[in-house]
Amino acid sequence: MTSEQRIAGSLTEEQVAFYEREGYLVLPQFLTAEDLAPVRAALAEKVSWIADDLYHDGLIADKLEQRPFETRLADLFADLTDKEFLRYGRGWRDRQPGLFHLISQPKILDAIESLIGAEIFANPVYNVRPKVPHVAAGAVPWHQDKSYWPDANSNPVITAWVALVDANEENGCLQIMPRTHRQRVLSYHAETYSGTGYTELDEQHVAKKNQVISLPLAAGGVILFNDRCIHMSTMNNSQVVRWSVDLRYQPTDQDPMPQHGIGFLARSHQHPEQVATLEDWLAQRPTHELPGVAS
Ligand SMILES: O=C(O)CCC(=O)C(=O)O
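Below or above, wherever it landed, is the structure these notes cover. Remember, it's a predicted structure, so these values are computed and weren't measured experimentally.

The rules behind these values
Residues numbered from 1 in each chain as written. Predicted model: local features only at pLDDT ≥ 70, side-chain atom pairs only at ≥ 80, totals over all residues. Heavy atoms only, no water. Near = heavy atom within 4 Å. Polar contact = N/O pair within 3.5 Å; in protein donor to acceptor, adjacent residues only side chain to side chain. Areas by Shrake-Rupley, 256 points an atom, 1.4 Å probe, with all protein chains shown as cover. Helix = DSSP H or I, 4+ residues; strand = E, 2+ residues; numbered from the N terminus. Phe/Tyr/Trp six-rings, centres within 6.5 Å; stacked < 30°, edge-to-face > 60°. Buried < 20%, exposed > 50% of the residue type's maximum accessible area, 1.4 Å probe, protein only. Lys NZ or Arg CZ within 6 Å of the ring centre and 35° of its normal.

**What about the site of the ligand?**
Taken together, 14 residues lie near the ligand, and Asp145, Trp161, His231, Ser233 and Arg242 sit nearest. Trp161 has a polar side-chain atom sitting 2.8 Å from an oxygen atom of the ligand. One nitrogen or oxygen atom from the side chain of Ser233 is found 2.5 Å from an oxygen atom belonging to the ligand. Calculation on the ligand without its partners gives an accessible area of 290 Å², and the protein chains cover 99% of this total. Secondary-structure elements contributing two or more residues to the shell around the ligand are strand E3 (127-131), strand E4 (140-143), strand E11 (231-233) and strand E12 (242-251). Element by element, the count of residues in the shell around the ligand is highest for E12, at four residues.

Below is the structure:
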């Protein structure tokens, strides 16, 4: 097979080899504006709910309804504090149809299938990241995702990090330490400076800054990475919101991590009839139960 030939799923053999060796893979221009429209609409709706809330509480005098998706949330909080922003959480995990649409996006599942096969479970941990300019919690310290589930017997867990707007060094794109994914879970602590308690690797594991690469990415790009691969992102020093969503997938025979929420069967060649529908997801059912069939 040549490197240009496809294996199962949509990635080339060369891309799979890169992912296995480096612990991550960048897929530029992976999703179109049309693919992103439902999730962006869902998040625009959530921003409107927040604007209503701030207005109702007398914290803003104008809901800024005409501002674009890229800046409205930033503009709403321009004169407010980190604390007021954090009332809504550092990351969002709402069950809005636009999010299910993204998590179930066939192009993403095709890429994941190349890495773990066609029995794919969508892990309960997914985060919308409304990284707002100058808010301390926008910065994410060096960590391995696995530090959030150190005891889970689930391997591999693959993150698909989706850029909803252009991400760059000014607004805090992802930074990664390649080839760090083959190690055990490294020692970490909960950070205390952002008000969010992110897990942060102990200093000795991140001393060699020359290993770091920055991954700027235009909207629609996706970065796949392993849950042991060390990564971080800096604060947003621009005027736009750095919107992204990080999704996670794993083989179906692994720990579904119910302590983190309810994931769902996203793809199955063996049991396609059990793949969760939007209604299943909204009702927090991991699979689709056929009428009259005992589970
Ligand atoms: O989006 C970011 O800035 C950080 C993402 C991250 O840490 C993750 O997806 O695990």
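Once you've had a look at it, read on.
**Regarding the packing of aromatic side chains**
According to the stated counting rule, one finds eight aromatic pairs in the structure shown. Here the aromatic rings of Phe77 and Phe85 are separated by 5.1 Å at their centres, their planes lie at 85 degrees, and the arrangement is edge-to-face. Here Phe77 and Phe85 have matching classes, each one buried. Ring geometry for Phe77 against Tyr88: centres 6.1 Å apart, planes inclined by 70 degrees, an arrangement best described as edge-to-face. Linking Phe77 in the loop between helix H3 (72-76) and helix H4 (82-86) with Tyr88 in the loop between H4 and helix H5 (97-103), this pair joins segments that are eleven residues apart in sequence. Since its relative accessible area comes to 5%, Phe77 is described here as buried. By way of ring pairs, the aromatic residues Phe100, Tyr126, Phe264 and Trp281 are connected into one cluster. Geometry around Trp92 places Lys46 over its ring, the cationic atom sitting 4.5 Å from the centre. Above the face of the Tyr55 ring, Lys63 is positioned so that its terminal group lies 5.1 Å from the ring centre.

**A word on unusual backbone geometry**
Positive phi, normally seen in glycine, also occurs at Gln29, with a value near 50 degrees. Position of Gln29 among the secondary structure elements: in the loop between strand E1 (24-27) and helix H2 (33-56). Positive phi, close to 55 degrees, is recorded for Met257, a residue that is not glycine.

**Remarks on helix H6 (residues 106-116)**
Most of H6 is tucked away, with eight of its eleven residues classed as buried. Inspection of H6 places Ile108, Leu109, Ala111, Ile112, Glu113, Ser114, Leu115 and Ile116 among the buried residues, and these make up the whole buried set. One side-chain oxygen at the N-terminal end of H6 lies 3.0 Å from the backbone nitrogen of Lys107; it belongs to Gln105. The first or second residue beyond H6 is Gly117, which carries a positive phi of 90 degrees.

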